[in-house]
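# An overview of the molecular structure
So the chains spell out like this:
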Amino acid sequence: MNAVNNVKIVLPDGAEREYPAGTTLLEIAKSTSPRLAKEALIARVNGELMDLATPMMTDASVEFISFEDEAGKRAYRHSTAHIMAQAVQKLFPGTKFAIGPAIADGYYYDFDTSENFTPDDLGKIEKEMEAIIKADYPFERFELSRAQALDFFKEKGQKYKAELIEDLPPDTVLSFYRQGDFTDLCAGPHVPSTGRLKSVKLMNVAGAYWRGNERNKMLQRIYGTSFPKKSMLEEYLFRIEEAKRRDHRKLGAELDLFSIMDEGPGFPFFHPKGMILRNELEKYWREEHQKRGYQEIRTPIILNRSLWENSGHWDHYRENMYFTKIDEGDYAVKPMNCPGSILIYNSRLHSYRELPIRLAELGLVHRHELSGVLHGLMRVRCFTQDDAHIFMLPEQIKEEIIGVIDLVNDFYKVFGFTYFVELSTKPEKAMGSDEVWNMATDVLRDALDARGLKYKVNEGDGAFYGPKIDFHLEDSLGRTWQCGTIQLDFQMPEKFNLSYVGEDGQKHQPVMIHRVVFGSIERFIGILTEHFAGAFPAWLAPVQARVIAITDRHAEYACNVVKRLEEAGIRVELDTRNEKVNYKIREAQTHKIPYMLIVGDKEIARDSVAVRHRAKGDLGAMLLGEFEGKLLEEIRTKER
RNA sequence: GCUGAUGUGGCUCAGGGGUAGAGCAGCGCACUCGUAAUGCGCAGGUCGUGGGUUCAAAUCCCACCAUCAGCUCCA
């Protein structure tokens with residue numbers, strides 16, 4: 001039995017301790033270990049996150065949370081956001097405060113001020129934040145009634161805060177945090193005091209609408225980040241630099257892969273080297289799809305208005321489509337490939353024995369995207385979907401979806417991507433009944449479960465014609481990209497009156513799925529470029545080897561080496577320019593060519609090449625035949 | 001589309017009312033070279049586009065276009 005005024009605290013390792021009621025979490029941490037007290041930012045009490053200043057009045061299980069923990073990071077960053085707001089309040093009196101949450105790598109705060117923040121201002125704000133940190137103000141939590149809270153903010157002219165309070169459910173506990181002369185509406189928890197922050201950094205300013213709605217006022221958002229160690233901040237900044245260094249727009253120009261010109265905003269031009277990449281990807285794609293029973297088709301880019309009305313795109317997708325007129329008739333440029341594919345299916349009668357029919361198409365689609373969202377190859381106005389439509393019997397759905405899941409898995413493995421899966425359900429703007437949607441969603445779930453894949457559910461994020469599974473792959477910098485999707489569709493078969501003749505000799509309606517693996521070939525190339533930092537594996541590399549002659553007298557032999565490798569199907573370049581070897585090596589190196597073959601007197605004497613790999617360096621001399629065999633094997637196995 | 005910033009040779013950037021500059025890349029010449037930049041020389045720009053102010057505009061003003069960072073949207 002506890003003494004009446006003691007509370008029993010259970011720690012994660014199972015240890016139980018007793019403290020006088022009213023002992024704060026921080027004091028408990030201190031009594032456990034000084035190190036813990038130093039590192040702990042907040043605590044999880046009976047599963048609920050709390051401030052360390054919270055006094056314990058009842059028995060509880062307590063876990064102290066440091067920056068290592070995701071919840072700790074959020075509290076740390078969120079506290080930094082409050083400090084930034086305090087600094088802005090001091091430097092820019094009269095600023096109205098909106099919201100300031102923690103996000104993936106930091107935090108932001110939205111401000112409403114008459115003047116625009118300049119990079120110079122960010123420096124000033126940062127300085128002020130450092131002063132606030134040095135002052136080590138405690139974060140003090142208190143509660144107010146709704147009326148008191150509204151008065152508090154209205155009196156200060158903080159209309160956004162007042163609006164937030166008015167929109168909260170009536171029974172919400174309104175908590176506030178105060179550090180120094182700054183008070184903010186906030187659910188918390190926060191770190192104990194401003195002095196707990198170490199390295200803070202403001203990243204950039206951007207416009208953001210109040211509540212993300214473009215009809216609302218545009219506020220100024222300052223993004224920042226913070227870390228408990230300077231070295232961690234430096235590492236983070238280095239990672240950002242690395243991402244910049246790998247930017248596919250920059251590498252795409254340097255490696256002469258593609259360009260986007262003023263003459264065609266959002267419509268990329270592929271240069272010869274970029275086309276090699278594309279063609280290799282497509283070659284691999286065709287091989288894999290043939291193996292798995294897909295048949296390739298190609299459908300027109302411009303199709304008649306009535307088709308798009310029938311498919312529902314006219315009603316549901318018009319704002320993203322381009323239109324044209326032919327001989328007085330209305331036509332649209334296809335934003336999706338499915339209607340074309342369906343027309344092919346419908347071009348003749350099908351027996352149940354033929355199903356599933358898998359029609360694959362590398363289809364060029366055009367979509368009108370807002371000018372502000374265009375971004376290199378990642379976000380364009382025309383792109384090639386590696387599409388396929390599978391027409392099948394209802395009882396084949398699960399197996400077909402599993403087949404696609406396996407296909408996607410095999411593809412991503414080749415490039416060294418890990419991935420995760422999301423399941424999206426019925427959106428507001430959708431065709432079809434809840435009943436059909438539920439059934440379709442359940443089938444997708446079943447298929448995922450059958451493969452033991454974990455997934456996250458995105459409510460209301462499906463396509464207008466059916467629910468979908470999305471595959472998000474993670475690149476070498478830890479960023480994620482949505483690429484593959486599988487969309488189940490009970491709507492199109494209905495709209496286009498699809499049928500097959502069943503065992504009973506009657507017409508029945510097939511089910512269809514839409515799916516892509518790369519998503520968009522263009523975007524996938526962008527992702528690959530950044531993933532590999534332009535150093536593509538040999539099978540994809542536009543130039544697989546470059547032969548470098550040391551002096552003029554080695555040019556003829558170099559030329560023969562090139563010819564021999566070309567005959568073996570290797571993409572090879574010759575460099576007999578009148579330059580130093582070092583110069584030529586450097587240039588090949590900056591072009592990220594996998595192999596440099598240096599030839600001089602020694603190599604000529606032995607029919608060999610001195611091999612240098614772009615990453616492994618000098619590999620020494622090798623007989624030409626031996627090198628050829630090794631490289632061909634590397635290409636064949638798609639080695640990374 | 002919205003907010004803000006930017007736009008000068010192929011690339012990276014300087015110049016900021018009075019005759020357009022540098023480095024790299026390119027071209028020419030010399031050096032004939034062994035694993036990340038040899039030297040010298042030459043050529044290359046209607047300063048994003050269109051208006052306006054001015055004796056004079058790359059420079060100041062306006063509009064448009066494009067790009068970049070975000071917002072919203074998405075493959």
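In short, a report on the structure. (Residues numbered from 1 in each chain as written. Chains lettered and ligands numbered in written order. Predicted model: local features only at pLDDT ≥ 70, side-chain atom pairs only at ≥ 80, totals over all residues. Heavy atoms only, no water.)

On to the protein's contact with RNA strand B, then. Around RNA strand B, the surrounding shell holds 52 residues, and the nearest of these are D262, R379, N578, R586 and E603. At 2.7 Å from a base nitrogen of RNA strand B is found a main-chain nitrogen or oxygen belonging to V380. Residue composition of the surface near RNA strand B, by class: 18 nonpolar, 14 polar and 20 charged. (Near = heavy atom within 4 Å. Polar contact = N/O pair within 3.5 Å; in protein donor to acceptor, adjacent residues only side chain to side chain. Nonpolar A, V, L, I, M, F, W, Y, C, P; charged D, E, K, R; others polar.)

Below, the discussion takes up the pattern of salt bridges. Opposite charge on two side chains makes pairing possible when the charged atoms of those side chains draw close. Under the definition given, this model contains 50 salt bridges. A salt bridge links K154 to E166, with the shortest nitrogen-to-oxygen separation between them at 3.4 Å. You can see K154 sitting in helix α5 (residues 146–155) and its partner E166 sitting in helix α6 (residues 159–167), a full 12 residues away along the chain. Judged by relative accessible area, E166 falls into the partly exposed class, the value being 43%. Here E309 makes a salt bridge to R305, at a shortest N to O gap of 2.6 Å. Remark: R305 and E309 occur in helix α10 (residues 305–311); sequence separation between them is 4 residues, near one turn of the helix. The partly exposed category is assigned to E309, whose relative accessible area is 37%. Assessed through its relative accessible area of 28%, R305 is described here as partly exposed. Through salt bridges with shared partners, a single ionic network connects K273, R546, E573, D575, R577 and E587. (Salt bridge = Lys/Arg side-chain N within 4 Å of Asp/Glu carboxyl O. Helix = DSSP H or I, 4+ residues; strand = E, 2+ residues; numbered from the N terminus. Buried < 20%, exposed > 50% of the residue type's maximum accessible area, 1.4 Å probe, protein only.)

What follows covers the environment of G432. Considering the arrangement of structural elements, one finds G432 in the loop between β24 (418–424) and α14 (434–450). Setting aside chain neighbours within four positions, we find G432 in contact with K426, W437 and Q491. (Contact = heavy atoms within 4.5 Å.)

Let's shift gears to the pairing of strand β33 (residues 595–599). Burial of β33 is extensive: 5 of the 5 residues sit out of reach of the surface. The alternating pattern of β33 places Y595, L597 and V599 on one face and M596 and I598 on the opposite face, and all of these are buried. Two strands pair when backbone bridges link them, and strand β31 (residues 545–549) and β33 are joined in this way by 5 bridges, in the parallel orientation. When the bridges of β33 are listed, I548 appears paired with I598. (Pairing = 2+ DSSP bridges.)

With the rule as written, the count across this model stands at 30 aromatic pairs. Centre to centre, the rings of F97 and Y109 are 5.9 Å apart; their planes meet at 85 degrees, and the pair counts as edge-to-face. Residue F97 is located in strand β8 (residues 96–97), and its partner Y109 is located in strand β10 (residues 106–112); the two are separated by 12 residues in the primary sequence. The class for Y109 is buried, based on a relative accessible area of 1%. Note on F258 and F270: the rings are 6.3 Å apart at their centroids and 40 degrees apart in plane angle, and the pair reads as tilted. Pair noted here: F258 is in strand β16 (residues 258–259) and F270 is in strand β17 (residues 269–270), with a separation of 12 residues, a long-range link. (Phe/Tyr/Trp six-rings, centres within 6.5 Å; stacked < 30°, edge-to-face > 60°.)

The element strand β12 (residues 174–179) is extensively covered by neighbouring structure, given that 5 of its 6 residues are classed as buried. Of the strand pairs in this sheet, strand β11 (residues 140–144) and β12 are connected by 5 bridges, and their pairing is antiparallel. Paired with R141 across the two strands is Y177, which belongs to β12. Across 4 bridges, β12 lies against strand β13 (residues 182–185) in antiparallel orientation.

With that out of the way, let us pick up the packing of helix α9 (residues 272–291) against helix α13 (residues 397–415). Orientation of α9 relative to α13, taken along the N-to-C sense of each, is 145 degrees, at an axis distance of 12 Å. For the pair α9 and α13, the sense of crossing is right-handed. Seen from α9, the contacting residues are L281, Y284, W285, E288 and H289; seen from α13, they are L407, D410, F411, V414 and F415. Per-class residue counts for the contact of α9 with α13 are 7 nonpolar, 1 polar and 2 charged. (Axes fitted to C-alpha atoms, helices over the stretch in contact; angles between N-to-C directions. Left-handed = near helix turned anticlockwise from the far one by under 90°.)

What follows deals with the nonpolar core. Core analysis: the biggest nonpolar cluster contains 79 residues, and I401, Y412, F415, L488 and F524 have the highest contact counts within it. The dominant element in this core, judged by the number of residues it contributes, is α13, at 11 residues. Judged by nonpolar contacts, the second largest core, of 32 residues, contains F117, L122, I133 and L202. (Core = buried A, V, L, I, M, F, W, Y, C linked by side-chain atoms within 4.5 Å.)

With that out of the way, let us pick up the side chain of D184. Mapped onto the secondary structure, D184 falls in strand β13. At a separation of 2.8 Å, a polar atom in the side chain of D184 contacts the side chain of K161. With residues up to four places along the chain from it excluded, the contact list for D184 reads H82, Y109, F153, K161, S175, F176 and Y177.

So, about the sheet that holds β24. Strands sit in the order β18-β22-β23-β30-β27-β26-β24-β25 across an open sheet of 8 strands; the sheet is mixed. Strands with a single pairing partner mark the edges of an open sheet, and in this sheet they are β18 (294–296) and β25 (455–458). Strand-to-strand twist in this sheet, taken as the mean axis angle between neighbours without regard to direction, amounts to 25 degrees. Looking at chain direction, strand β26 (residues 468–474) and strand β27 (residues 480–489) are connected through 6 bridges and run antiparallel. The residue bridging D470 from the neighbouring strand is T485, located in β27. Relative to strand β30 (residues 511–520), α13 is tilted by about 5 degrees, and along the sheet it contacts β18, β22 (357–366), β23 (382–392), β24, β26, β27 and β30.

Our next topic: helix α1 (residues 25–32). Those residues of α1 that fall on the buried side of the exposure criterion are L25, I28 and A29. Projected onto a plane normal to the axis of α1, the buried residues spread over an arc of 100 degrees and lie on a single side. (Arc of directions from axis to C-beta.)

What follows is about a nonpolar patch on the surface. A cluster of nonpolar side chains, namely I301, I302 and I326, defines an oily patch on the protein surface of about 210 Å² accessible area. Topologically, I326 is positioned in strand β20 (residues 322–326). On the basis of relative accessibility, which here comes to 37%, the residue I326 falls in the partly exposed class. (Patch = residues over 30% accessible without salt bridge, like charges linked within 9 Å, V, L, I, M, F, W, Y side chains within 5 Å. Areas by Shrake-Rupley, 256 points an atom, 1.4 Å probe, with all protein chains shown as cover.)

Two elements in contact, α13 and α14, have axes whose closest approach is 9 Å; the angle formed by their N-to-C orientations is 55 degrees. Overall, the two elements α13 and α14 adopt an arrangement that is oblique. As α13 runs across α14, the sense of the crossing is right-handed. Residues I397, K398, I401, I402 and I405 of α13 lie in contact with α14, whose contacting residues are V443, L444, D446, A447, L448 and A450. (Parallel < 35°, antiparallel > 145°, perpendicular 65-115°, else oblique.)

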